[in-house]
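Summary of structural features
Below are the chains, spelled out letter by letter.
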Amino acid sequence: MIGDKLRYTYRNDVGRVTNMNIGIDKLHFFTPHVYVDMEELAEARDVEPAKFTIGLGQTQQAVAPITQDPVSMAANAAWPILTDDDKEAIDFIIVGSESGVDQSKAMAVHVHQLLGINPFARAIEMKEACYAATVGLQTAVSHIARHPESKVLVIATDIARYGLNTSGESTQGAGAVAMLISKDPRVAVINDDAVSYTGDIYDFWRPNYSTYAQVDGKFSNEQYLSYLETVWTEYKKRTNKTLADFKALAFHLPYSKMGLKGLRQLLPEVDEAKQAALTEQFEASRVYNKRVGNIYTGSLYLSLISLLDQSQDLQAGDTIALYSYGSGAVGEFFSITLVEGFKDMLADESHQAMLDNRIQLSVADYELIFQEELPTDGSQLVLSEDEEQFQLAGVEDHKRLYK
Ligand code: HMG
């Protein structure tokens, strides 16, 4: 029985040992309804289009209109998968983000209200660049080990902004991923094997006074690969596993070629047949990311969704390795194992329709939308209605209003 094989032992913090499967019960992503084409962006920037489409592996880039901020995107990612019973059972909402809209108030508090979650719940925001949702997942597992009947909603939501005409512009994007974490999950068990590594570096960061990220592009690429090497080496030492133990790998994808570089770094450890199989899975894992761009905290999980939705030969019992990287920096290598019936829990049609129904912007319109900003002096702003379930409706007395 796959279920029995997967049962992991968690020692909770009152010392009791619990045997239960904990992991991802449902997952769904949201990206705004407009995008810019990467070939058109390349032409406008006087760059060879192949640099963006092949060199970076990106074909389209999601653009966030002013009505879609990280809060509304988070709620839009979560609502399609939550039943009334889920909303009653959720007693913890964790929002991982580096696009926070307030220094004090957690975006999870807005999300809790918008989604109509049980009022006796915790709601917090976590930050460590693109890594925050991973620690959100691991925190959710610990919480459920102690409170087996509870469910935890983990959401990753971000808008990646480097600025017009910058070298990072080609790696922008916007979107959110919502994951419901519970015992006896119906998608995948989160295995108790995570290896993380922290080092104090400046490869990518965003000072409080800036709406744009600062980045040392080449250094960030090197560190991404170096942290991968470090956590993978330690992971092998601690678990005695090899690359051959994984059916697929999902990477944090700031742009999809970055994950390919990560994969290629590991591939020499397996034979040619396994190299080809892992490369094929990787292609499935970047289908959505190529069309959305970087969504920071959600990028790894968007890639996981892409893999689950697009791969033709994943089966219950397969183990998928995940590499999470957040600049600054923290890297983490861990794995999940698919459970019986996981395919029935995927929202592949809804994801495909969302991407296919988006509207392409001209580069000129993308630039106009990109430059729209909310008032910074507390003055009132009323925004017109957009087509999403949740949106930013305006600002009044320094407060964001949603509907
Ligand atoms: P750049 O200077 O625009 O591009 O920077 P480049 O000159 O490095 O070229 C990119 C690739 O295109 C190269 O491939 C070129 O050879 C190729 P590579 O050698 O790397 O394999 N190329 C072409 N290919 C085909 N046909 C052509 C052609 N021309 C060139 N004609 C960079 C690119 C990604 C550095 C920049 O966009 C950037 O700084 N982006 C933001 C930083 C970033 O995404 N870093 C990734 C690692 S850090 C990370 O993942 C964390 C992050 O998500 C933040 C967080 O944690 O919160 C960013």
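So, here's what we can say about the structure. (Residues numbered from 1 in each chain as written. Predicted model: local features only at pLDDT ≥ 70, side-chain atom pairs only at ≥ 80, totals over all residues. Heavy atoms only, no water.)

1. Some words on the site of the ligand
Taken together, 30 residues sit near the ligand, with Glu98, Cys130, Ser167, Lys218 and Lys261 positioned nearest. Contacts to the ligand include His252, whose side-chain N or O atom sits 2.8 Å from an oxygen atom. The separation between an oxygen atom of the ligand and a polar side-chain atom of Lys257 is 2.8 Å. Protein chains shield 76% of the accessible area of the ligand, which is 1,100 Å² for the free molecule. The pocket occupied by the ligand, as judged from atoms lying within 2 Å of grid points, is the second largest pocket. The greatest single-element share of the shell around the ligand, amounting to five residues, is contributed by helix 8 (residues 217-239). Of the residues in the shell around the ligand, the class split is twelve nonpolar, twelve polar and six charged. (Near = heavy atom within 4 Å. Polar contact = N/O pair within 3.5 Å; in protein donor to acceptor, adjacent residues only side chain to side chain. Areas by Shrake-Rupley, 256 points an atom, 1.4 Å probe, with all protein chains shown as cover. 1 Å grid on protein atoms, 1.4 Å probe; cavity = no way out; pocket = protein on both sides within 12 Å on 5 of 7 lines; lining within 4 Å. Sits in = over half its atoms within 2 Å of the grid points. Helix = DSSP H or I, 4+ residues; strand = E, 2+ residues; numbered from the N terminus. Nonpolar A, V, L, I, M, F, W, Y, C, P; charged D, E, K, R; others polar.)

2. Some words on the side chain of Ser303
Residue placement: Ser303 occurs in helix 12 (residues 299-310). Once residues lying within four places of it in the same chain are set aside, the contact partners of Ser303 are Ala250, Phe251, Leu253, Ser285 and Asn289. (Contact = heavy atoms within 4.5 Å.)

3. Considerations on the packing of helix 10 (residues 272-285) against helix 12
Between two packed helices, what matters for the description is the angle formed by their axes and the separation of those axes. Running from amino to carboxyl end, helix 10 crosses helix 12 at an angle of 110 degrees, the nearest separation of the two axes being 7 Å. It follows from the interaxial angle that helix 10 and helix 12 lie roughly perpendicular. Counting all contacts with helix 10, which are made through Gln281, Ala284 and Ser285, the residues of helix 12 involved are Ser303, Ser306, Leu307 and Gln310. For the contact of helix 10 with helix 12, the class distribution of residues is two nonpolar, five polar and no charged. (Axes fitted to C-alpha atoms, helices over the stretch in contact; angles between N-to-C directions. Parallel < 35°, antiparallel > 145°, perpendicular 65-115°, else oblique.)

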